[in-house]
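# Examining the three-dimensional arrangement
Take a look at the letters that make up each chain.
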Amino acid sequence: MHGGCHAGKSLDMQRWAVGSAADDGSRCVDDGAEAKRLRQGGVPTRGLFTIGPLCHVDCMAVAFDTVVVGAGAAGAVIAARVTERADRQVLLLEAGPDYETPERLPQDLRDGTRNSLVDHDWGYTHRPNARQVSFPLPRGKVVGGSSAVNTCIGLRGVPSDYDEWAARGLGEWSWAHCLPAFKRLETDLDRRDEWHGDRGPIPLRRHTPEELVPWQAAFLEGAAAIGMPRCDDTNHPEARGYGPHAMNKIDGERMGAARCYLTPEVRRRANLTIRAN
């Protein structure tokens, strides 16, 4: 992928292979049925399952142009976008489980009103400095990564921050360069203007006043009482003030990267292989 920084690592520009070795290690099984099973996420019918550069494999069942390590918020998108080209074979690897359809999602991943902190978490901790205790550092261990377990906040950064990165040498991270990407990934259900997308895979919306719980409503009333400006669109480049921010949560359900990018249609592509667990 050009001009980006992604948590999902893409091992590109080389051929990789997945195959099953015979019990005595003398040969690989490369028949069509076995290859089809592997592409569909099945396990080899016999022998060992091997992933590695072709120089380490005698023969192959499936050859890959791109291997994406980590099927999180970046890796899931990379796999979906690269496989738009039918001539690119892609292997997407994930340490956690894969739930192929929204109907199979467990409740902790489906529920966008609560973070999933236990069942699909890496169990990391962090310590800000040597004088402090360790704190939990929630990270999603599942296809979709942390976008499958988080708070569903669809909030962009401040344009001046992106432009500062560009001024420091990261030219393709300027606000002007990033805005088209922001628009491509979203369908903003509330806004139709030059700053928002309307055909992207991830739906965004803002809570209405009727949906707020008492303490949220009180917070907004307090901000108004001290004279802060009202802001109905926190993703506008000149946004300032108080108001509900955009969320990738629809009818209480989380709209993560896997659900929105690795759709059943994308998963049916013959050039995409997903290996979970």
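Figured I'd write up the structure that's included with this text. Each chain has its residues counted from 1, running along the sequence as written. Confidence filtering applies because this is a predicted model: local features only for residues at pLDDT of at least 70, side-chain atom pairs given and counted only at 80 or more, and all residues used for totals across whole chains, interfaces and linings. Note that water and hydrogens are dropped before the side-chain values are worked out from all heavy atoms of the structure.

Okay, the side chain of D111 next. Helix and strand assignments come from DSSP, with helices taken as H or I runs of at least 4 residues and strands as E runs of at least 2, each series counted from the N terminus. Within the element layout of this structure, D111 appears in the loop between α3 (107-110) and β8 (125-126). Here's how the labels work: a residue is buried when its accessible area is under 20% of the maximum for its type, exposed when over 50%, partly exposed in between, all with a 1.4 Å probe on protein chains only. Positive charge is attributed to Lys and Arg, negative charge to Asp and Glu, and no charge count is given to His or to the chain ends. We count a salt bridge whenever a side-chain nitrogen from Lys or Arg sits within 4 Å of a carboxyl oxygen from Asp or Glu. Although D111 lies buried, it forms no salt bridge, and the closest oppositely charged side chain, R114, sits 5.5 Å away as judged by the N-O distance. Polar contacts, as used here, are pairs of N or O atoms within 3.5 Å; protein pairs need one atom able to donate a hydrogen and one able to accept it. Residues neighboring in sequence count only if both atoms are side-chain atoms. Within the structure, D111 has its side chain in polar contact with the side chain of T113 (distance 2.5 Å). Only heavy atoms enter the contact rule, under which two residues are in contact if any of them lie within 4.5 Å. Setting aside its immediate chain neighbours within four residues, D111 contacts G252 and R254.

Our next topic: the layout of surface pockets. A pocket here means an open set of points on a 1 Å grid, computed over the protein atoms alone, that has protein on both sides within 12 Å along at least five of seven lines. A cavity is instead a set of points where a 1.4 Å probe fits but cannot get out; residues with an atom within 4 Å of a point line either one. Grid points are joined across faces, edges and corners, and a volume is the space filled by probe spheres set on the points. The space that makes up the second largest pocket amounts to roughly 470 Å³. Along the wall of the second largest pocket there are 20 residues; nearest its centre are H207, L212, W215, Q216 and H245. Broken down by element, the residue count for the lining of the second largest pocket peaks at four residues, all from helix α6 (residues 214-225). Think of it as three bins: nonpolar holds Ala, Val, Leu, Ile, Met, Phe, Trp, Tyr, Cys and Pro, charged holds Asp, Glu, Lys and Arg, and polar takes everything else, Gly as well. The residue makeup of the lining of the second largest pocket, split by class, is nine nonpolar, eight polar and three charged.

Moving on to α6. Three or four residues apart is the spacing at which side chains of an α-helix point the same way, because the helix has 3.6 residues per turn. Expected helix span is computed as 1.5 Å times (number of residues minus one). Helix length check: α6, at twelve residues, gives a terminal C-alpha distance of 16 Å against a target of 16 Å (1.5 Å per residue), a fit within 8%. Phi turns positive one or two residues past the end of α6, at G227, with a value near 90°.

Axes, fitted as lines to C-alpha atoms, cover a helix only where it is in contact. Angles between the N-to-C directions of the axes lie from 0 to 180 degrees. Taken N-terminus to C-terminus, the directions of helix α4 (residues 159-167) and helix α5 (residues 175-185) make an angle of 125°; their axes are 8 Å apart at the nearest point. Classified by the angle their axes make, α4 and α5 are oblique. Touching P159, Y162 and D163 of α4 are W175, C178 and F182, all from α5. When its residues are assigned to classes, the contact of α4 with α5 shows five nonpolar, no polar and one charged. When describing relative orientation, an angle under 35 degrees is termed roughly parallel and one over 145 degrees roughly antiparallel, while 65 to 115 degrees is termed roughly perpendicular and anything else oblique.

A word on the pattern of salt bridges. Side chains that differ in sign of charge can pair as their charged atoms come close. Enumeration according to the criterion identifies 14 salt bridges in this entry. Here D232 makes a salt bridge to R230, at a shortest N to O gap of 2.7 Å. You can call R230 partly exposed: its relative accessible area is 43%. A salt bridge links R259 to E253, with the shortest nitrogen-to-oxygen separation between them at 2.9 Å. A residue is classified by how much of its surface remains accessible, and R259, at 26% relative accessible area, is partly exposed. Among the residues examined, E253 registers a relative accessible area of 22% and is labelled partly exposed. Residues participating in the shared-partner salt-bridge network are D188, D190, R206 and D233.

A cluster of nonpolar side chains, contributed by W122, Y124 and L137, occupies part of the molecular surface with about 280 Å² of accessible area. Positionally, W122 belongs in the loop between α3 and β8. The patches reported here contain residues having more than 30% relative accessible area and no salt bridge. Joining distances are 9 Å for like charges and 5 Å for nonpolar side chains (Val, Leu, Ile, Met, Phe, Trp, Tyr). For accessible areas, the Shrake-Rupley method is used with a probe of radius 1.4 Å. Any residue's cover is judged against the shown protein chains and nothing else.

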